[in-house]
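# Breakdown of the fold
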Protein chains: 2
Amino acid sequence: MTTQMSDDSLPGLLDLARRDYKDLAGQGLKLDLTRGKPAPEQLDLSEGLLDLPSGHTAADGTDVRNYGGLRGLPELRAIFADVLQVPADQLLAGGNSSLEMMHDCLVHALLSVMPGAESRWADQERIVFLCPVPGYDRHFALCERFGIEMVAVPMDGSGPDMDVVERLVAEDAAVKGIWCVPKYSNPSGVSYSDETVARLARMETAAPDFRIFWDNAYAAHHLTDEPVEIADLLALCAESGHPDRAFVFGSTSKITFAGAGVGFFGSSAANVDWLTANNSKRSIGPDKVNQLRHLEFLRDAEGVRAHMDRQRALLAPKFAAVQRILSEELGGTGLATWTDPDGGYFVTLEVVEGCAKEVVRRAAEAGIVLTPAGATHPYGDDPRDATIRIAPSFPGLAELERAMHGLTVCVRLVGYEKAAGA
Amino acid sequence: MTTQMSDDSLPGLLDLARRDYKDLAGQGLKLDLTRGKPAPEQLDLSEGLLDLPSGHTAADGTDVRNYGGLRGLPELRAIFADVLQVPADQLLAGGNSSLEMMHDCLVHALLSVMPGAESRWADQERIVFLCPVPGYDRHFALCERFGIEMVAVPMDGSGPDMDVVERLVAEDAAVKGIWCVPKYSNPSGVSYSDETVARLARMETAAPDFRIFWDNAYAAHHLTDEPVEIADLLALCAESGHPDRAFVFGSTSKITFAGAGVGFFGSSAANVDWLTANNSKRSIGPDKVNQLRHLEFLRDAEGVRAHMDRQRALLAPKFAAVQRILSEELGGTGLATWTDPDGGYFVTLEVVEGCAKEVVRRAAEAGIVLTPAGATHPYGDDPRDATIRIAPSFPGLAELERAMHGLTVCVRLVGYEKAAGA
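Treat the numbers as computed from the prediction; the structure is a model and nothing was measured.

Attention now goes to the interface of chain A and chain B. Each partner contributes residues to the interface: chain A has 54 residues there, and chain B has 54 residues. Run the count over chain A and chain B and you get eight salt bridges. Secondary-structure elements contributing two or more residues to the side of chain A that touches chain B are helix H2 (40-44), helix H4 (98-111), helix H5 (137-145), helix H9 (269-282) and helix H10 (288-298) of chain A. With eight residues, H4 of chain A is the single largest residue contributor to the side of chain A that touches chain B. When grouped by side-chain class, the residues that make up the side of chain A that touches chain B number 22 nonpolar, 16 polar and 16 charged.

Next comes the structure, spelled out in structure tokens:
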């Protein structure tokens, strides 16, 4: 597009960016790249759920319409045991959200003594969680809501910087947890290397009740022909003598219906019993009808894989468009770098330091809404003010292309303005 | 049956009871009167839900399959606004359980400052809840789980003894709440009089953040031609200058599917905003597909009433059988009194003081499982050891009759043994 034009002096580039932005702002756009929501066509892939289940009886004779079954439908757990790398008898199937389960694990840790803990977290002066950055804003919001202190840890291409993690967990018993999105991470797309997973499992922690909140949200959400396999954290923790260290979360939110799927929690038998005992006070059981509906629809782990191939067919062109537009419009400008994920829901765009907030502001003025700059960091504070999360899934392809083009105009505008000291 | 036989001296009655019990124990029964579960035929009334919803779009264009809509589907809330006496814009529709919402209100009160509160409940030395007895064991279990002290308050035919309640809430700022099942109460079947509701609304409490946990679980669950109407607590609280006092709960668990219904929370706008803000950290929204499913199935408040008439047609014969058998077998013996509820799910049987545990034990030995004696009281401790909760809904009629006959045999056995000093 316009970047191919001639004057590549800074004043010329700035001038061009200003004209492009003026043009953009005049288009009256109303585009949204904020949240990792499935597009309607993705939801249509699961429309068959609306006619299910065909009956109301589980394999063991349970009437799924009635109360009970706190651990969830065994047959559905068996499918996701494979997907989430958790033995089925250590996996719980719950309500429509794994975020709820993360929240509730924090609540129960605060208000009752966990396996291996000396006291309730609510009775301790400080609780600290490590937050690999860039990371997921809803994880950080949970910590803030409960007064849990957050310490950012840098990510590299193989996961969190393990030298930093090992030092922090070893030296401070207040460090009780770490948030991890181990596969196709939100928002960088990074998948943890086997070595990173092994180090997380075996590291020595000052806190006896340290927990890894392993949000495997994109376990089946590949975008290439070679799905990433990550190491089995739960097994490695057990082998390393830390069987209770991992809390594994997953859901069908981005497999079937974002708002009406099934969430999963997996851990050691001791942790599962602890959570189930606490859950038993809260609920007489999850929605087993919806679990049976999912079981009939997905059938088995192979069914999940086939379904995720259909999701990929819808998502991959959008991710390809993001890459193409970023390359065409920003490649070689020195104004940005970006990730090219093999799965998941996000692309991370790194702009010139100090420019992310301004890019997001200018984009909003032109009618393109982005996730607030800083959301990828604890307390909404990206110290370099450089990281922007792009969520390409929800808009249609043409709309996405318009939004991405507009975003690159804003990156050029703000980047060149900064370079020019304007 | 056997009670019509001749020898009505105590030794004769005891002898007969022993023979009847021996006969009972020899039958190898396996009957369950423990929980207030709907019977399969009741669940069949809602089988149409399994083919719904017919689409995936709410009235305002919301795609119910996707994320969002923290307050729940407005059209469904409008229906239950009528049923639960809460304005629709102050009513939240949630997941499959109102017990969850009660739990979460306690959690959020413990871990964040409620409207009107001076501090989080977790930061206070003592938190006390009043527990009208007999009451619902799951309410008491929530208090125990969170270390909330329980004080029993006697019930009479018009609700909790308000003289006692008014005194306790006025004199101790640690008294932060009261559990109420205001209509067809669990387990006594008592409905609160208008005067009781008005006194709850207007009483002066030492705690500025006192809350009435108003579990209106049986709002639409009548068993007679004249459904009970209770006073509108939320309106009365507002009129009395205590707008934030009432937390109203309800659900479709015993309207549609016990395990796959929709829970509701209603309160003042301030409380609803407070809960919604806390919920927003926990969840990206409830299962709106299930809410649309319920909307299409129930249609309107009149649809709920018509549906509950069909439920009544299945339940009323069971409750009538309980009354008939208790009258025939225990009437005039002086060994028991019992409630004859106009709605709800339970009958309360009061046996001779000191006999309830033994009756439950003997019944279990004969293959008839009852809710543990004491469950109707805080800490599982019924100081008179006299109250037994009967849940007639789940068994088939013939099975219920067998179980009730067996239970009366046990009441006679234990009652006469006690009278005889055996």
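All names here are of chain B. The strand order across the open sheet formed by three strands is S10-S11-S13, and the pairing between neighbours is antiparallel. At either margin of the open sheet sits one strand with a lone partner, and together these are strand S10 (336-338) and strand S13 (387-390). The mean angle between the axes of side-by-side strands here comes to 25°, regardless of whether they run parallel or antiparallel. Strand direction decides the pairing type here: strand S11 (residues 347-351) and S13, joined by four bridges, are antiparallel. In the strand pairing of S13, leucine 349 is matched with isoleucine 388. Together, S10 and S11 form the strand contacts of helix H11 (residues 301-330), whose direction differs from that of S11 by roughly 15°.

Let us look at the packing of helix H3 (residues 74-84) of chain A against H10 of chain A. Residue and element names in this part refer to chain A. In contact at an axis separation of 9 Å, H3 and H10 are set at 55° when each is read in the N-to-C sense. Taken together, the axis directions place H3 and H10 in an arrangement best described as oblique. The element H3 and its partner H10 pack so that their crossing is left-handed. Here Glu75, Leu76, Ile79 and Phe80 of H3 come into contact with H10, specifically with Gln291, His294, Leu295 and Leu298.

Turning to the side chain of threonine 376 of chain A, a few remarks are in order. By the element assignment, threonine 376 of chain A lies in the loop between strand S12 (368-369) and strand S13 (387-390). Excluding residues that lie within four positions of it along the chain, threonine 376 of chain A makes contacts with Val133, Pro134, Gly135, Phe140, Pro187, Thr387 and Arg389 of chain A.

All right, on to helix H4 (residues 98-111) of chain B then. Helix length check: H4 of chain B, at 14 residues, gives a terminal C-alpha distance of 20 Å against a target of 20 Å (1.5 Å per residue), a fit within 8%. The backbone nitrogen of leucine 99 of chain B lies 3.2 Å from a side-chain oxygen of the residue at the head of H4 of chain B, namely serine 97 of chain B.

Further remarks concern the pattern of salt bridges. Tallied over the full model, the rule gives 60 salt bridges over all chains. A salt bridge links arginine 65 of chain A to aspartate 44 of chain B; the nearest nitrogen and oxygen atoms lie 2.7 Å apart. Linking arginine 65 of chain A in the loop between H2 and H3 with aspartate 44 of chain B in helix H2 (residues 40-44), this pair reaches from one chain into another. Between aspartate 82 of chain B and arginine 305 of chain B there is a salt bridge; the shortest N-O distance is 3.5 Å. Highlighted residues: aspartate 82 of chain B in helix H3 (residues 74-84) and arginine 305 of chain B in helix H11, separated in sequence by 223 residues. Connected through shared salt-bridge partners, Arg18, Glu358, Arg361, Arg362, Glu365 and Glu417 of chain A make up one network.

Another point: unusual backbone geometry. Residue and element names in this part refer to chain B. The omega torsion across valine 133 and proline 134 is 0°, close enough to zero to call that bond cis. Cis peptide bonds are those with omega within 30 degrees of zero, and the linkage from asparagine 186 to proline 187 qualifies with 5°. When you line up the elements, proline 187 lands in the loop between strand S6 (175-180) and helix H7 (194-202). Unlike most non-glycine residues, tyrosine 184 shows phi in positive territory, near 50°. A residue is classified by how much of its surface remains accessible, and tyrosine 184, at 1% relative accessible area, is buried. Phi is positive for tyrosine 379, which is not a glycine, with a value near 60°. Within the secondary structure layout, tyrosine 379 lies in the loop between strand S12 (368-369) and S13.

With an RMSD of 0.1 Å, the fit of chain A onto chain B corresponds to turning through 180° and sliding 0.0 Å along the axis. Taken together, the rotation and translation describe the operation of a two-fold axis. Residue aspartate 51 of chain A of chain A places its C-alpha closer to the rotation axis than any other residue of that unit, at 2.5 Å. When the interface residues of chain A are mapped onto chain B, 100% of them are again interface residues, pointing to one common binding face.

Moving on to the sheet that holds strand S7 (residues 211-215) of chain B. Residues and elements named next belong to chain B. Reading across the sheet, the eight strands line up as S2-S9-S8-S7-S6-S3-S4-S5 and stay open at both edges, with mixed pairing between neighbours. Whereas interior strands pair on both sides, the edge strands pair on one side only; in this sheet they are strand S2 (91-93) and strand S5 (159-160). In the packing of H3 onto the sheet, the strands contacted are S2, strand S8 (246-251) and strand S9 (263-266), and the crossing angle to S2 comes to about 125°. Against the sheet, helix H6 (residues 162-171) touches strand S3 (128-133), strand S4 (149-156), S5 and S6, its axis set at about 155° to S4.

Residue and element names in this part refer to chain A. Packing of H3 against helix H11 (residues 301-330) leaves a shortest axis separation of 8 Å and a crossing angle of 60°. Classed by the angle they form, the pair H3 and H11 counts as oblique. The residues of H11 that touch H3, namely those facing Ile79, Phe80, Asp82 and Val83, are Ala301, Val304 and Arg305. Within the contact of H3 with H11, the residues separate by chemical class into five nonpolar, no polar and two charged.

Inspection of the entire model under this criterion finds six cavities of 30 Å³ or more. Volume-wise, the largest cavity comes out at about 700 Å³. Lining of the largest cavity is provided by 40 residues; of these, Glu100 and Arg282 of chain A together with Gly95, Glu100 and Arg282 of chain B occupy positions nearest its centre. Contributing elements (two or more residues each) for the lining of the largest cavity: strand S2 (91-93), H4 and H9 of chain A together with S2, H4, helix H9 (269-282) and helix H10 (288-298) of chain B. The biggest single contributor to the lining of the largest cavity is H4 of chain B, with four residues. Here the lining of the largest cavity is built from residues that sort into 15 nonpolar, 17 polar and eight charged. Of the voids in this model, the second largest cavity is the one considered here, and its volume is about 260 Å³.

The next thing to look at is helix H1 (residues 10-25) of chain B. The end-to-end C-alpha distance of H1 of chain B, which contains 16 residues, comes to 22 Å, matching closely the 22 Å that a straight helix rising 1.5 Å per residue would cover. Among all positions of H1 of chain B, only Gly12, Leu14, Leu16, Ala17, Asp20, Tyr21 and Leu24 of chain B are buried.

Before going further, it helps to spend a moment on the pairing of strand S4 (residues 149-156) of chain A. Residues and elements named next belong to chain A. By the bridge criterion, six bridges tie strand S3 (residues 128-133) to S4 in an arrangement that is parallel. Across the sheet, residue valine 128 finds its bridge partner in S4, namely glutamate 149. This β-α-β element, S3 to H5 to S4, shows right-handed connectivity. Inspection of the sheet shows S4 paired to strand S5 (residues 159-160) by two bridges, in the antiparallel sense. Residue pairing across strands places methionine 155 opposite proline 160, the latter belonging to S5. Count of turn residues in the S4/S5 antiparallel hairpin: two residues.

Residues and elements named next belong to chain A. You can read the domains of chain A as domain 1 (10-33 + 306-420) and domain 2 (54-299). On a C-alpha basis, the centres of domain 1 and domain 2 stand 31 Å from each other. Counting from both sides, the interface comprises 25 residues of domain 1 and, opposite them, 30 residues of domain 2. Seen at the junction of domain 1 and domain 2, the total is one salt bridge. Salt-bridge contacts for aspartate 225 lead to arginine 312; the nearest nitrogen and oxygen are separated by 2.9 Å. Our enumeration of links across domain 1 and domain 2 arrives at 14 residue pairs in polar contact (both at pLDDT 80 or more). When residues of the side of domain 1 that touches domain 2 are traced back to their parent elements, those giving at least two are H11, strand S11 (347-351) and S13. When residues in the side of domain 1 that touches domain 2 are grouped by element, the largest group, eight residues, is from H11. A breakdown of the residues in the side of domain 1 that touches domain 2 according to their chemical character gives eleven nonpolar, ten polar and four charged.

About the cut-offs
Residues numbered from 1 in each chain as written. Chains lettered and ligands numbered in written order. Predicted model: local features only at pLDDT ≥ 70, side-chain atom pairs only at ≥ 80, totals over all residues. Heavy atoms only, no water. Contact = heavy atoms within 4.5 Å. Salt bridge = Lys/Arg side-chain N within 4 Å of Asp/Glu carboxyl O. Helix = DSSP H or I, 4+ residues; strand = E, 2+ residues; numbered from the N terminus. Nonpolar A, V, L, I, M, F, W, Y, C, P; charged D, E, K, R; others polar. Pairing = 2+ DSSP bridges. Axes fitted to C-alpha atoms, helices over the stretch in contact; angles between N-to-C directions. Parallel < 35°, antiparallel > 145°, perpendicular 65-115°, else oblique. Left-handed = near helix turned anticlockwise from the far one by under 90°. Expected span 1.5 Å × (residues − 1). Polar contact = N/O pair within 3.5 Å; in protein donor to acceptor, adjacent residues only side chain to side chain. Buried < 20%, exposed > 50% of the residue type's maximum accessible area, 1.4 Å probe, protein only. Least-squares fit on C-alpha atoms with pLDDT ≥ 70 in both. 1 Å grid on protein atoms, 1.4 Å probe; cavity = no way out; pocket = protein on both sides within 12 Å on 5 of 7 lines; lining within 4 Å. Points joined across faces, edges and corners; volume = space filled by probe spheres on them. Right-handed = clockwise from strand over helix to strand, strands pointing away. Domains from an automatic or database assignment.

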